[in-house]
Amino acid sequence: MMYGDEMLQKNQLIELNIDSLSSEGSGVGKYEGMAVFVPHTAAGDRIIAKVLKAKKTHAFAKVEEILEASSNRITPECSVSKQCGGCVYCHISYDAELKAKEQRVRDAIERIGGIDTKINGIVGSESENRYRNKAQIPVGISKEGRVQMGFFASHSHRIVECEDCKLQPQEFIAAQKVLKNFIEEHNISVYNEQTHKGLVRHLYLRKGEATRELMICVVINGRQIPHENELVERFITELPNTKTVIVNSNREKTNVVLGKEYRSIFGEGYITDILCGLKFKLSPQSFYQVNRTGAEKLYSIAREYAKLKEDDLLLDMYCGTGTIGLSMAKDCKSLIGVEIVPEAIEDALKNAERNGINNANFVCGDSALAAQKLKSKGMNPDVIILDPPRKGCQRELLETVAEMNPKRVVYVSCDPATLARDLKIFAELGYKTQEVMPVDMFPRTAHVECVVLLTKAHK
């Protein structure tokens, strides 16, 4: 592959100036006009890079030597961040991370969407560390026969041992140590993905940030853990805020973490937390934002954009367990939520009842089909909330939303590229993007959220 007179080859050493960061968090430099992506670098770095893979239009490399460090560089607090691959920004300052994420949103909206609109400065997280309220920690055995607990390396099922993930609360670290010591002391077998033998598969943890309640769930390839009562006593002793301990049976040959059988061996099988002044009951399978404080900021912005009035009908698409819609239910006459996952709809109905909300109804079904059905019944929501998964919305849904003729659409996005694509479609359908607010819900990772206000364009 030729660029100028140069041919990049695997293992070739090249000098690069890192100019920017990619959407995945890698540094980007140019070599003879070709983009070269280098993880764990910062804009402003001058480096020697070793080429790992070269394609016709771009290449991938790793840092061999830092010749001149960027002023944005910091020393990562985590010793395994490079192997784990989760915290792609832990080697740069948080200010630099926020600027990179805000620029990513701007680039997507302007370049992919072709939209000229107001893009606000990004809303940062109150803390870069200890913000996660959920963890799924795989359990394995090292080549030397030791119990391993940590995270799967990026794009693999190789466990990277991590005793203290800086994104997780201290209680999760303590729970991990309790289980690891227990397994070793009682010589309990650990699951092997290749042979499908061994008992302990995962440690699944949740914490109520407001209530401080802890859920500890041990996922096993069987029905029972030896010496269960002793394990419960150890968890309670080391972690007094433990509200429930659950055994989840997953005997399937799958990389899905949770199986379908749950058995509470202490407590009632759930914890509670408070979000936007509402109480939510959380079981292992409940959907809940992993950064509660960040979610409150996100929902507050969405509520501000919605500008609901007491006679308004609010339609919440992709409503999950109802958190975002229920946080606005008191502002409107009625709320309808739509979600394809039956268990989430059940949780949403219970959440409404638990919080004394009587003006909410929830419908189980595909978003595009459900919206079409609601439209055929003559429903005309005043405000529609869209909170789709990473892949964004189906065009059919966007067309139906536009046909419903709402005053405002509030789009909550977790992927700037699919958001930009959908905003471009909305523009074709007569809805103008008024304002975009980037929000950092997941510091140190590549993810960035946005809240967008759209209104009917005047002809």
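Because the structure is a prediction, the values reported are computed rather than measured.

Basis of the calculations
- Residues numbered from 1 in each chain as written.
- Predicted model: local features only at pLDDT ≥ 70, side-chain atom pairs only at ≥ 80, totals over all residues.
- Heavy atoms only, no water.
- Phe/Tyr/Trp six-rings, centres within 6.5 Å; stacked < 30°, edge-to-face > 60°.
- Buried < 20%, exposed > 50% of the residue type's maximum accessible area, 1.4 Å probe, protein only.
- Lys NZ or Arg CZ within 6 Å of the ring centre and 35° of its normal.
- Pairing = 2+ DSSP bridges.
- Helix = DSSP H or I, 4+ residues; strand = E, 2+ residues; numbered from the N terminus.
- Contact = heavy atoms within 4.5 Å.
- Axes fitted to C-alpha atoms, helices over the stretch in contact; angles between N-to-C directions.
- pLDDT = per-residue confidence, 0-100.
- Parallel < 35°, antiparallel > 145°, perpendicular 65-115°, else oblique.
- Left-handed = near helix turned anticlockwise from the far one by under 90°.
- Nonpolar A, V, L, I, M, F, W, Y, C, P; charged D, E, K, R; others polar.
- Right-handed = clockwise from strand over helix to strand, strands pointing away.

### Structural notes on the packing of aromatic side chains
Move 1: A complete count under the given rule lists three aromatic pairs for this structure.
Move 2: Ring centres 6.3 Å apart and planes at 50 degrees place the aromatic pair Phe280 and Tyr288 in the tilted group. The two residues Phe280 and Tyr288 agree in class, both being buried.
Move 3: Of note, Lys281 hangs over the ring of Tyr270, and the distance from its end group to the ring centre comes to 4.3 Å.

### What to know about the sheet that holds strand S18 (residues 313–317)
Note: strands within a sheet are paired through backbone hydrogen bonds, in either parallel or antiparallel orientation.
Move 1: The eight strands lie next to each other as S8-S23-S24-S22-S21-S18-S19-S20, forming an open sheet whose pairing is mixed. Pairing within the sheet leaves two strands with one partner each, and these edge strands are strand S8 (118–119) and strand S20 (360–364).
Move 2: With respect to the sheet, helix H10 (residues 416–428) is in contact with strand S21 (383–386), strand S22 (408–413), strand S23 (431–439) and strand S24 (449–456), its orientation differing from that of S22 by roughly 160 degrees.

### Brief notes about the confidence of the model for the chain
Move 1: On average, residues of the chain score 95 in pLDDT, and 98% of them are at 70 or above.
Move 2: Scored below 50 in pLDDT, residues 1–5 makes twelve contacts in the model with residues more than four places away or belonging to other chains.

### Digging into the sheet that holds strand S11 (residues 159–161)
Move 1: An order of S11-S10-S9-S12-S13-S14-S15 is seen for the seven strands of this open sheet, with the pairing classed as mixed. Strand pairing shows two members of the sheet lacking a second neighbour, S11 and strand S15 (261–266), which therefore form its edges. Across the sheet, the axes of successive neighbouring strands diverge by a mean angle of 35 degrees, strand direction being ignored.
Move 2: As paired elements, strand S12 (residues 200–207) and strand S13 (residues 214–220) share seven bridges and run antiparallel to each other. If you follow Leu203 over to S13, its bridge partner there is Val218.
Move 3: Packing against the sheet, helix H3 (residues 170–185) makes contact with strand S9 (134–141), strand S10 (147–152), S11, S12 and S13, and its axis sits at approximately 155 degrees to S12.

### Section: the packing of H3 against helix H4 (residues 228–238)
Move 1: At a closest axis distance of 10 Å, the pairing of H3 and H4 adopts a crossing angle of 150 degrees. Here H3 is positioned roughly antiparallel relative to H4, judged by the angle of their axes. Seen along the crossing, H3 lies across H4 with a hand that is right-handed. Seen from H3, the contacting residues are Ala175, Val178, Leu179, Asn181, Phe182 and Glu185; seen from H4, they are Glu230, Leu231, Arg234, Phe235 and Glu238.
Move 2: In terms of residue class, the contact of H3 with H4 is made up of six nonpolar, one polar and four charged.

### Topic: the pairing of S20
Move 1: In this structure, strand S19 (residues 334–339) lies alongside S20, joined through five bridges in parallel fashion. By the bridge assignment for S20, Ile336 is matched with Asn361.
Move 2: Taking the sense of rotation as the criterion, the β-α-β connection linking S19, helix H7 (residues 342–354) and S20 turns out right-handed.

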